Amino acid sequence: MSAVRALRSRRLLRQVSPVLQASLRRHYSLDVPAALLRTQGYLGGRWVSAASVFPVLDPATGQELTQVSDCGPAEAKQAVEAAYEAFQSWKHTTAKERSVLLRKWSDLLLLHQGHLARIITFESGKPLPEALGEVSYSASFLQWFSEEARRVYGDIVPSPAADRRLLLLKQPVGVATIITPWNFPSAMITRKVGAALAAGCTVVVKPAEDTPLSALALAELAQQAGIPPGVVNVVPCSREKMAAVGRVLCSDPLVAKISFTGSTATGKVSPVCTGPDRTGRGSQSFLSLLQVLLKMAADSVKRVSMELGGHAPFIVFDSADVERAVGGAMASKFRNSGQTCVCSNRFLVQSGIYERFLDGLGRAMDAELRLGHGSEPDTTQGPLINARAAEKVVHQITDAVSRGAQVLRGGKRLDGSFMEPTLLAGVTTDMLCTQEETFGPLVPVIRFETEEEALAVANAANVGLAGYFYSQDVGQIWRVAEALEVGMVGVNEGLLSAAEAAFGGVKQSGLGREGSKYGIDEYLEVKYMCFGGLRA
């Protein structure tokens, strides 16, 4: 790619800022029915106000959308007790009854898809088409687990003794604490809660402080679907009260299970202690944060599942269909402005097609990416969740350039937390962007020579959630798919999430699986029953 073309592209991107400024000076109205814009906690089937409130902001404009009840430890304890009381009857409902209610809840999400999507867009910044997709994705988990509820099978085991019969039963674990992030404020809840309710568990949801409105709207629709009081509870709280609320939800003896997806905000506070989350992934502070959560769970022997993000490699081999690889890179990297845990983070391109890939990706970025408020019809890239998120991306770009990388597209922070989609060439593995999760619209491209070299770089990370590669060599496809140290692999595909598939990682990317037929197992215990005294 010529220096002239790269310079021209950077000039074009700089021209976006005045247009963006004009766009963000407009007045944007959330405009959803009052019944879906809930601002109180949902405890034991009642909408409960707390002693104080905290603001929910539109990350694109910084404007306050509304104020939400700032629940504290007392409300968290009340929610746990309500869930425990409800569990005593919910666990005895039939699988068919639970299935019907989950399907009703799913149908209501689709009925109100447009309004739920607007809530997601306004509180997280996600472009409206993506938000509509998230609502559909959210409903798919409720639908899937409504079906899986009726497929929780035990076993009859052949007995070594003629006068005995051996049976293995599956039973719900009890009350589950659900802690979710802001980047998928609806789907991360239904993926967990759908499985829990299908198994016969009850839940207390602690949504991210940036995006409580989606969680509360889901609770309203759960109530409309006829899900009994106390089965679903939602405890919104501010960052300042996260530690105290988190300690109740993770240490209360009535809680049997914790499902945690780390808040993906850059530099934000953990739900359970006062340290950074994914910004410090791999650092001692982040590891100590996780140790606190695990310690609280261990003190009362709770079951724990975690999704802690990744550092996904995206490998393009010489045999790849380059045009298809460019399309996959666009889908994998720029969805939600790069703020997903399965976003490609490290792009490894073999020498034979390196220049073709860079040129194709640059052209696609010029043609397809438009920054703006998520509610604008032509927006494909909204803001990052906050200023610290943008600062992190800028820091990675500055570090890479100082070590010899070239900026082919973007590279600049714009108004507020908006960030130019950025393409870097000449990237090496000593650069910060190849060593930590970015969570922003940055594409660092590394040139490699051999398959072995690519795998060594891809597997050097201490996390392993998702990985992607493009190849048309069947033998290579099998070798690389089996060798990548990740929990999910996209082969010639940049989008891989589905309710039917198991979601989860290896190494420090977490524990357990969500979605698929395996997701419900996270909320079930196996009980062995020996039926003796039978006549031989």
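Preceding block: the structure.
None of these values were measured; they are calculated from a predicted model.

Criteria and cut-off values
Residues numbered from 1 in each chain as written. Predicted model: local features only at pLDDT ≥ 70, side-chain atom pairs only at ≥ 80, totals over all residues. Heavy atoms only, no water. Phe/Tyr/Trp six-rings, centres within 6.5 Å; stacked < 30°, edge-to-face > 60°. Buried < 20%, exposed > 50% of the residue type's maximum accessible area, 1.4 Å probe, protein only. Helix = DSSP H or I, 4+ residues; strand = E, 2+ residues; numbered from the N terminus. Expected span 1.5 Å × (residues − 1). Axes fitted to C-alpha atoms, helices over the stretch in contact; angles between N-to-C directions. Parallel < 35°, antiparallel > 145°, perpendicular 65-115°, else oblique. Left-handed = near helix turned anticlockwise from the far one by under 90°. Contact = heavy atoms within 4.5 Å. Pairing = 2+ DSSP bridges. Right-handed = clockwise from strand over helix to strand, strands pointing away. Salt bridge = Lys/Arg side-chain N within 4 Å of Asp/Glu carboxyl O. Core = buried A, V, L, I, M, F, W, Y, C linked by side-chain atoms within 4.5 Å. Polar contact = N/O pair within 3.5 Å; in protein donor to acceptor, adjacent residues only side chain to side chain.

Engineer: Whenever I open this one, the packing of aromatic side chains confuses me. Can you help?
Structural biologist: Pairs of aromatic rings are described using the distance from one ring centre to the other and the angle between the two planes. Tallying each qualifying case throughout the model produces 8 aromatic pairs. Ring plane angle 40 degrees and centroid distance 4.6 Å describe the contact between tyrosine 42 and tryptophan 47, whose orientation is recorded as tilted. Both residues of the pair, tyrosine 42 and tryptophan 47, belong to the buried class. Consider the rings of phenylalanine 317 and phenylalanine 469, whose centres lie 6.3 Å apart with planes at 80 degrees: the pair is edge-to-face.

Engineer: Which parts of the structure should I look at to understand helix α4 (residues 95-111)?
Structural biologist: Every α-helix carries 3.6 residues per turn, so stepping three or four residues along brings you back to the same face. Helix length check: α4 (17 residues) gives 24 Å between terminal C-alpha atoms against 24 Å at 1.5 Å per residue, within 8%. Every buried residue of α4 is listed here: Arg98, Ser99, Leu101, Leu102, Trp105, Ser106, Leu108 and Leu109.

Engineer: Where do I start with the packing of helix α3 (residues 73-90) against helix α9 (residues 242-251) in this structure?
Structural biologist: The description of two helices packed together rests on the angle between their axes and the distance between the axes. At a closest axis distance of 8 Å, the pairing of α3 and α9 adopts a crossing angle of 25 degrees. By the angle between their axes, α3 is roughly parallel relative to α9. Regarding α3 and α9, the two cross each other, and that crossing is right-handed. Contact residues: α3 offers Pro73, Ala76, Lys77 and Val80, while α9 offers Ala244, Val245, Val248 and Leu249.

Engineer: What's the story with the pairing of strand β8 (residues 202-206) in this structure? I'm lost.
Structural biologist: The two faces of a sheet get side chains in turn, since along a regular strand they alternate between them. Of all 5 residues making up β8, 5 are buried, and the element is well covered by its neighbours. Residues Thr202, Val204 and Lys206 point to one face of β8 and Val203 and Val205 to the other, with burial holding for every one of them. Relative to β8, strand β7 (residues 175-179) is paired through 5 bridges, and the arrangement is parallel. Residue pairing across strands places threonine 177 opposite valine 204, the latter belonging to β8. Between the parallel pair β7 and β8, the chain is carried across by helix α7 (residues 187-199), and the sense of this crossover is right-handed. As judged from the 3 bridges shared by β8 and strand β9 (residues 232-234), these two strands associate in the parallel manner.

Engineer: Would you explain the pattern of salt bridges in this entry?
Structural biologist: Side chains that carry opposite charge are capable of pairing whenever their charged atoms lie near each other. Inspection of the entire model under this criterion finds 21 salt bridges. Between lysine 170 and aspartate 521 there is a salt bridge whose closest N-O contact spans 3.8 Å. One end of the pair, lysine 170, is in strand β6 (residues 165-172); the other, aspartate 521, is in the loop between β21 (510-511) and β22 (524-531), with 351 residues separating them in the sequence. A residue is classified by how much of its surface remains accessible, and aspartate 521, at 31% relative accessible area, is partly exposed. As a salt-bridge pair, arginine 363 and aspartate 359 come within 2.8 Å of each other at their nearest N and O atoms.

Engineer: Sorry, what's going on with the packing of α4 against helix α6 (residues 128-148) here?
Structural biologist: Axis separation between α4 and α6 bottoms out at 8 Å; the angle between their running directions is 165 degrees. What the angle tells us is that α4 and α6 run roughly antiparallel. The two elements α4 and α6 cross, and the hand of that crossing is left-handed. Between α4 and α6, the contacting residues are Ser99, Leu102, Arg103, Trp105, Ser106, Leu109 and Leu110 on the first element and Val135, Ser136, Ser138, Ala139, Leu142, Gln143, Phe145, Ser146 and Glu147 on the second.

Engineer: Please explain the nonpolar core as it appears in this structure.
Structural biologist: A general tendency of soluble globular proteins is for nonpolar side chains to be buried together. With 63 residues, the main nonpolar core has Trp105, Val193, Leu197 and Val203 as its most contacted residues. Setting aside residues up to four positions removed in sequence, leucine 197 forms contacts with Trp90, Arg98, Leu102, Trp105, Val203, Ile227, Val231 and Val232. Counting 33 residues, the second largest nonpolar core, distinct from the first, contains Val322, Ala329, Val445 and Phe503.

Engineer: In this structure, what is going on with the environment of alanine 222? I would like to understand it.
Structural biologist: Mapped onto the fold, alanine 222 is located in helix α8 (residues 212-225). Along the sequence, alanine 222 and asparagine 233 sit 11 residues apart, while their C-alpha atoms lie 10.0 Å from each other.

Engineer: Got a minute to help me understand unusual backbone geometry in this structure?
Structural biologist: For residues other than glycine, phi is negative in most cases, and the peptide bonds are mostly trans. For asparagine 492, which is not glycine, the phi torsion reads 55 degrees and is therefore positive. Assignment of secondary structure puts asparagine 492 in the loop between β19 (488-491) and β20 (506-507). Residue asparagine 492 is classed as buried on the basis of its relative accessible area of 17%. Positive phi is not limited to glycine here, since lysine 507 has a value of about 55 degrees. Residue placement: lysine 507 occurs in strand β20.

Engineer: In this structure, what is going on with the side chain of glutamine 350? I would like to understand it.
Structural biologist: Looking at where glutamine 350 falls in the secondary structure, it is placed in strand β13 (residues 344-350). Residue class for glutamine 350 comes out buried when judged on its relative accessible area of 12%. Separated by 2.8 Å, the side chain of glutamine 350 and the backbone oxygen of glutamate 449 make a polar contact. If we ignore the near neighbours within four places in the chain, the residues touching glutamine 350 are Val316, Phe317, Asp318, Phe448, Glu449 and Thr450.

Engineer: Is there a simple way to think about the sheet that holds β22 in this case?
Structural biologist: Either a parallel or an antiparallel arrangement is found when strands of a sheet pair, and the pairing is made through backbone hydrogen bonds. Read across the open sheet, the 3 strands follow the order β5-β6-β22; overall the sheet is antiparallel. Looking at the sheet topology across the chains shown, the edges are occupied by β5 (155-157) and β22. The sheet shows a mean angle of 25 degrees between the axes of neighbouring strands, direction not considered. Where β6 lies against β22, 8 bridges are found, and the strand directions are antiparallel. Of the residues in β22, the one forming a bridge with arginine 165 is phenylalanine 531.

Engineer: Mind showing me how you'd approach the sheet that holds strand β18 (residues 466-470) here?
Structural biologist: Judged by pairing direction, the sheet is mixed, and its 7 strands sit side by side in the order β14-β15-β16-β13-β12-β18-β19 without closing on themselves. Looking along the sheet, the strands with just one partner apiece sit at the ends: β14 (406-409) and β19. Strand-to-strand, the axes of this sheet are offset by a mean angle of 25 degrees, without reference to chain direction. Bridge count for strand β12 (residues 312-316) against β18 is 3 bridges, and the pairing is parallel. Paired with isoleucine 315 across the bridge in β18 is phenylalanine 469.

All we've got here are geometric facts, nothing functional implied.
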